[in-house]
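Understanding the architecture of this molecule
One-letter residues, chain by chain:
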Amino acid sequence: MQTEHKTPASLETLVTLCKRRGFIFQSSEIYNGLNGFWDFGPLGTELKNNLRDAWWQDMVRNPPLGPDGEMLDIVGLDSAIIQNPKVWAASGHLGGFNDPMADCRESKSRYRADHLMVYVPESGEGTAFAFLEGEPAVAEKRIKKNAKSDPSAYKVVAFTDLDPALIPSVWGPDASEPGTLTEPRQFNLMFKTFIGALAGEGEENTAYLRPETAQGIFINYKNVVDTMRVKLPFGIAQVGKSFRNEVTPRNFIFRSREFEQMELEWFCHPDDATKWYNFWVEARLQWWASLGVDMRNLRRRDHDEDELAHYSTACADVEYQYGFTAPGFGELEGIAHRGDFDLTQHQEASGTKMEYLVQETNEKVIPHVIEPSSGLTRGVLVLLNEAYTEEFVPKGNTEGGVQLAKPGAQVPEGYEKRVVLKFAPRLAPIKVAIFPLLKNREELVGKAKDLYAELRKTWPCFYDQTGAIGRRYRRQDEIGTPFCVTVDFDSLEDNTVTVRDRDSMKQERIPASELKAWLHSKGI
Ligand code: ATP
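Owing to the predicted nature of the structure, the values given are computational and were not obtained by experimental measurement.

1. Description of the packing of helix H1 (residues 11-20) against helix H10 (residues 376-387)
Close contact between H1 and H10 brings their axes to 11 Å; oriented N to C, the two are set at 100°. On the basis of the axis angle, H1 is roughly perpendicular to H10. The segment H1 lies against H10, with Leu 11, Leu 14 and Cys 18 engaging Leu 381, Leu 384 and Asn 385. The class makeup of the residues in the contact of H1 with H10 is five nonpolar, one polar and no charged.

2. Some words on the domain arrangement of the chain
Here the chain is described as being made up of domain 1 (11-81 + 210-385), domain 2 (98-188) and domain 3 (430-521). Put simply, the middle of domain 2 and the middle of domain 3, counted by C-alpha atoms, are 57 Å apart.

3. Quick notes on the site of the ligand
In the vicinity of the ligand there are 16 residues, among which Glu 246, Arg 255, Ser 256, Glu 331 and Leu 332 approach most closely. Contact between the ligand and Leu 332: an oxygen atom at 2.9 Å from a main-chain N or O atom of the residue. Here an oxygen atom of the ligand and a backbone polar atom of Gly 375 are 3.0 Å apart. Within the complex, the protein chains bury 80% of what would otherwise be the 590 Å² of accessible surface of the ligand. Elements with a minimum of two residues in the shell around the ligand: strand S14 (258-268), strand S17 (330-339) and strand S20 (368-375). The biggest single contributor to the shell around the ligand is S17, with four residues. Classifying every residue of the shell around the ligand gives four nonpolar, six polar and six charged.

4. Quick word on the layout of surface pockets
In this model, the second largest pocket occupies a volume close to 520 Å³. When contributions to the lining of the second largest pocket are tallied by element, the ones reaching two or more residues are H10, strand S21 (388-394) and strand S22 (403-404). Here the residues of the lining of the second largest pocket sort into six nonpolar, nine polar and seven charged.

5. A closer look at the side chain of Arg 378
By the secondary structure assignment, Arg 378 is in helix H10. Despite its burial, Arg 378 pairs with no opposite charge, the nearest such side chain being Glu 331 at 4.8 Å. Of the polar contacts made by the side chain of Arg 378, one reaches the backbone oxygen of Phe 254; its length is 2.8 Å. The contact partners of Arg 378, leaving out residues within four places of it in the chain, are Ile 253, Phe 254, Arg 255, Tyr 322, Glu 331 and Leu 332.

6. A few points about the packing of aromatic side chains
Considering all chains together, one arrives at 24 aromatic pairs under this definition. Centroid distance Phe 279 to Trp 280: 5.0 Å. Interplanar angle 75°. Geometry classified as edge-to-face. Of the two residues, Phe 279 and Trp 280, both sit in the buried class. Through successive ring pairs, a cluster of aromatic residues spans Tyr 119, Phe 129, Phe 131, Tyr 154 and Trp 171. The ring of Phe 40 has Lys 48 lying over it, and the distance from NZ or CZ to the ring centre is 5.0 Å. Between Arg 500 and the ring centre of Tyr 473, over which it is positioned, the NZ or CZ distance is 4.3 Å.

Scoring rules and cut-offs
- Residues numbered from 1 in each chain as written.
- Predicted model: local features only at pLDDT ≥ 70, side-chain atom pairs only at ≥ 80, totals over all residues.
- Heavy atoms only, no water.
- Axes fitted to C-alpha atoms, helices over the stretch in contact; angles between N-to-C directions.
- Helix = DSSP H or I, 4+ residues; strand = E, 2+ residues; numbered from the N terminus.
- Parallel < 35°, antiparallel > 145°, perpendicular 65-115°, else oblique.
- Contact = heavy atoms within 4.5 Å.
- Nonpolar A, V, L, I, M, F, W, Y, C, P; charged D, E, K, R; others polar.
- Domains from an automatic or database assignment.
- Near = heavy atom within 4 Å.
- Polar contact = N/O pair within 3.5 Å; in protein donor to acceptor, adjacent residues only side chain to side chain.
- Areas by Shrake-Rupley, 256 points an atom, 1.4 Å probe, with all protein chains shown as cover.
- 1 Å grid on protein atoms, 1.4 Å probe; cavity = no way out; pocket = protein on both sides within 12 Å on 5 of 7 lines; lining within 4 Å.
- Points joined across faces, edges and corners; volume = space filled by probe spheres on them.
- Buried < 20%, exposed > 50% of the residue type's maximum accessible area, 1.4 Å probe, protein only.
- Lys, Arg positive; Asp, Glu negative; His and termini not counted.
- Salt bridge = Lys/Arg side-chain N within 4 Å of Asp/Glu carboxyl O.
- Phe/Tyr/Trp six-rings, centres within 6.5 Å; stacked < 30°, edge-to-face > 60°.
- Lys NZ or Arg CZ within 6 Å of the ring centre and 35° of its normal.

This is the structure we're talking about:
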């Protein structure tokens, strides 16, 4: 049955909920924060770890079957964040990992120049108005107020495509007059650091925080081939932190300066690379759907030829409809056909042979690589977006009659609003909450605590004895706990408990002795 398509939550709603319920905090908050950095709180850490573990389970330990139904071999790796700087010279990051930026001399704002758009008068005369992609409102207001004109008399041009001679007549997004934006300049995104206690800050001591996990895999390709008896095709996977000195970190954890990636490098025979590319694009889209992400919020976007790196023959993104991109989509994962570029570069720069000997034919090849590369932290944002649901629930009735609430809609007479995070049970930060019906009855509390002590051996659980049961349910709904177990007076008589389901809100009585097996059967 096709369910109603939810309107995505606004970023503000998610940021507020994440702070209030301990998912994600602004980093260094007590010192006014640090732009582009976020701290994961207790529940956010569990959620992120669950997504990471799901990826590891489904990509490394038990990957999907290949295009011909065969089992795939993928092994894991955890390489150092700081590597020999020659790695980044060979990979092209030192020379080319740049973004164009433009500064506003007045407001001191710094913009990704390729994220700036400009309303340019069709007539070619007068002031042009810059705005951040997807946020034209400020510029449109200015066109009406300052230029006494209408946006329809303007065409939209990318700032990076603008004739530099026109830049002095452009009004920056938060400037009080035109002409304050600088021409775009290239800016390398790698964070620099210096190695050694006595080392000066000279070139010879400079190292970089990795901007992607992938290169750690390429430089260990030979080690893995030599030690793990892997046979082509095979994969090496890694999850870990990456750092990019983004010009304009924004949209919460969508674009931050410190983030985590989940990357697979799939090494295959050059003749089979296209087959594997097509396989991985489809497999990755399906994986996100398997986590409960609505297919209507996912799409494949194939890169145009002019977007491809010179060595790449194909690249596709898995895109998601975030609240801040809707009705448009934004990147979640990229799947790139990288050819033999990386291995060849490292072979040339290091002098280490990267050839693979195909034993059956005695042929030596440099494998081609297909790279599904996704953001773990960006994935958490997708899970939060996807799970966030507001519903109108009939008062006093715990079953049926529930309506999906449209953003901003009034709560109908006789209903109350509930906020619920509908995470797949596998991903939910807390799996089970345990309540005694009353906190002042020792028998109930004792039995509930015994149950809590037993269940927490297997799952992340939460014990709560404060407030009415309905309010305790709502608190768990808001953090996405799939099951709440209540110990009541009947439990003392017949050793059964009530299990309440987060999504249907239905309650079921289950013998306490069967509870663990029952919960296991629900996929938590
Ligand atoms: P973008 O175009 O959004 O800057 P990209 O194409 O440079 O991203 P890749 O280098 O392909 O990204 O990185 C792979 C994945 O890593 C992305 O799909 C995204 O999920 C994640 N990622 C990249 N940069 C960031 C960032 N600054 N913050 C959070 N996640 C990121």
